[in-house]
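Listed below, chain by chain, are the residues.
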Amino acid sequence: MDKTKSYQISKHEVLEAFQKVKANKGAAGIDEISLKAFEEDLKDNLYKIWNRMSSGSYFPPPVKAVEIPKKNKGKRILGVPTIADRVAQMVGKIEFEPMVEPYFHRDSYGYRPGKSAADALAVVRKRCWSYDWVLEFDIKGLFDNIDHELLMKAVRKHTENPWVILYIQRWLKAPFQMPDGTLKERTKGTPQGGVISPVLANLFLHYAFDMWMDRNHPDKPFVRYADDAVVHCQSKSDAEELLESLQKRLMECKLELNLDKTRIIYCKDDDRKDNYPETSFDFLSYTFRPRRSKNKYGKFFINFTPAVSNKAKKAMRQEVHNWRMHLKPDKTLEDLSCMFNPIIRGWINYYGCFYKSELYSVLVYINQALVRWVQRKFKKSGRHHRRATYWLRMIARRDPKLFTHWQMGIRPTVG
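Residues numbered from 1 in each chain as written. Predicted model: local features only at pLDDT ≥ 70, side-chain atom pairs only at ≥ 80, totals over all residues. Heavy atoms only, no water.

Draft legend 1. Up close: unusual backbone geometry. The phi dihedral of Ala226 is positive, around 55°, even though this residue is not glycine. Turning to its location among the elements, Ala226 is positioned in the loop between strand 6 (222–225) and strand 7 (228–233). Even without being glycine, Ser285 reaches a positive phi, approximately 70°. In this structure, Ser285 sits in the loop between strand 9 (281–283) and strand 10 (286–294). Here Ser285 falls in the partly exposed class, since its relative accessible area comes to 22%. (Helix = DSSP H or I, 4+ residues; strand = E, 2+ residues; numbered from the N terminus. Buried < 20%, exposed > 50% of the residue type's maximum accessible area, 1.4 Å probe, protein only.)

Here it is as structure tokens:
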């Protein structure tokens, strides 16, 4: 600590913040300084951040606005801070997150330590078996529309630390630098892509939604993951009443429901005989719908349960296609394993949590891409599809650990 400084921020905190930013990787901001370049002069760069933050003279640079396509058309603006600003935001997050985290709702799962999307899915699945109806909703442009005044009121409720309050205000106001180079002032929102933004968004929705639900609808359990949420209801009329009430509540908080993604769903299964047009919904890239399942006695029944969504499968197949394996004949099979196995493992770990068999078609598609690679690599002996498949199947039998999905038994088949 330096007693001559306005704010007591330790150099160790700044170093810890950099290590976390480095672990998260990420692109350069408007200054085009990459993580690698930042690290080349690490000591001096971290000293500048510490010196400015602890003296109150740190002002965040504009945030680089990057347009990324949404799955359902349209574009989302992602804000990419500079590496230095990401480190500064991480210092703020390290200080602020422990102040608010203990107060957050048990059914808020997004961007929280010790909680995951898989945890949220498991809770939703279990509750769908107990509650007949679900209200699925999405908040329109949450990160773009959070009201600064209301948010800062919530921040001050949880901390009196002057530098935390000061820098959160500055980060909220930092302008966007648009792709054409112009600066866009910000009067609301917190950039999606900012290090501290997820904590601030959770804090805002903690009061705008979570606590409001506990006060006004304690009989309707919910699961929220950032701005994506589902609420379980006993009847259709309960869900309709909640939808109307929720629209008013969000308007009070200067937010708006995305009505295109807001629906009431009937959780149909063998015991629920009513007919209703909406019997499926997507949540965290899983589709919940009636599915044929088998109980422990071997008897089949219809169960309302999640499995990887068609959108997610399409996106995975597209990524496999983009790998262009067949254009890498210079690589060995071990090279391909090192390049792509971590991605395949990640998919299986996430999308294989529930109803794993729905994922198999994607894993078969990966095998087909590997067969095309064999055909290109061994032009003479392996150009025939059947012969290439047979060769790859022999490798899979001999070394099933080479690819994660081979260990599951999803291996090349001739036929």
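Draft legend 2. Broad picture of the environment of Arg393. Relative to the helices and strands, Arg393 resides in helix 14 (residues 385–398). When the C-alpha positions of Arg393 and Pro412 are compared, they lie 5.1 Å apart, and in sequence the two are 19 residues distant. Excluding anything up to four places from it in sequence, Arg393 contacts Pro412 and Val414. (Contact = heavy atoms within 4.5 Å.)

Draft legend 3. Molecular detail of the side chain of Arg127. Topologically, Arg127 is positioned in helix 5 (residues 117–130). One polar contact links Arg127 to Asp107, side chain to side chain, over a distance of 3.1 Å. Separated by 3.0 Å, the side chain of Arg127 and the backbone oxygen of Phe222 make a polar contact. Those residues in contact with Arg127 that lie beyond four places of it in its chain are Asp107, Pro221, Phe222, Val223 and His232. (Polar contact = N/O pair within 3.5 Å; in protein donor to acceptor, adjacent residues only side chain to side chain.)

Draft legend 4. Layout of the packing of helix 7 (residues 148–158) against helix 9 (residues 197–216). Helix 9 packs onto helix 7 with a crossing angle of 95° between their chain directions and a minimal axis gap of 10 Å. When the axis of helix 7 is compared with that of helix 9, the two are roughly perpendicular. Here helix 7 contributes Leu150, Leu151, Ala154, Val155, Lys157 and His158 to the contact with helix 9, which in turn contributes Leu200, Leu203, Phe204 and Tyr207. (Axes fitted to C-alpha atoms, helices over the stretch in contact; angles between N-to-C directions. Parallel < 35°, antiparallel > 145°, perpendicular 65-115°, else oblique.)

Draft legend 5. Seen up close, helix 11 (residues 310–323). A rise of 1.5 Å per residue sets the reference length of helix 11, with its 14 residues, at 20 Å; its end C-alpha atoms lie 20 Å apart and thus fit the reference within 8%. Here helix 11 has its buried residues at Ala312, Lys313, Met316, Val320 and Trp323. Within helix 11, the buried residues cover an arc of 100° as seen down the axis, which keeps them to one side. Seen from the buried face of helix 11, the exposed residues on the opposite side, beyond 90 degrees, are Asn310 and Lys314. Of the surrounding secondary structure, the elements contacted by the buried residues of helix 11 are strand 11 (300–308), helix 12 (333–351) and helix 13 (360–377). Phi turns positive one or two residues past the end of helix 11, at Arg324, with a value near 50°. (Expected span 1.5 Å × (residues − 1). Arc of directions from axis to C-beta.)

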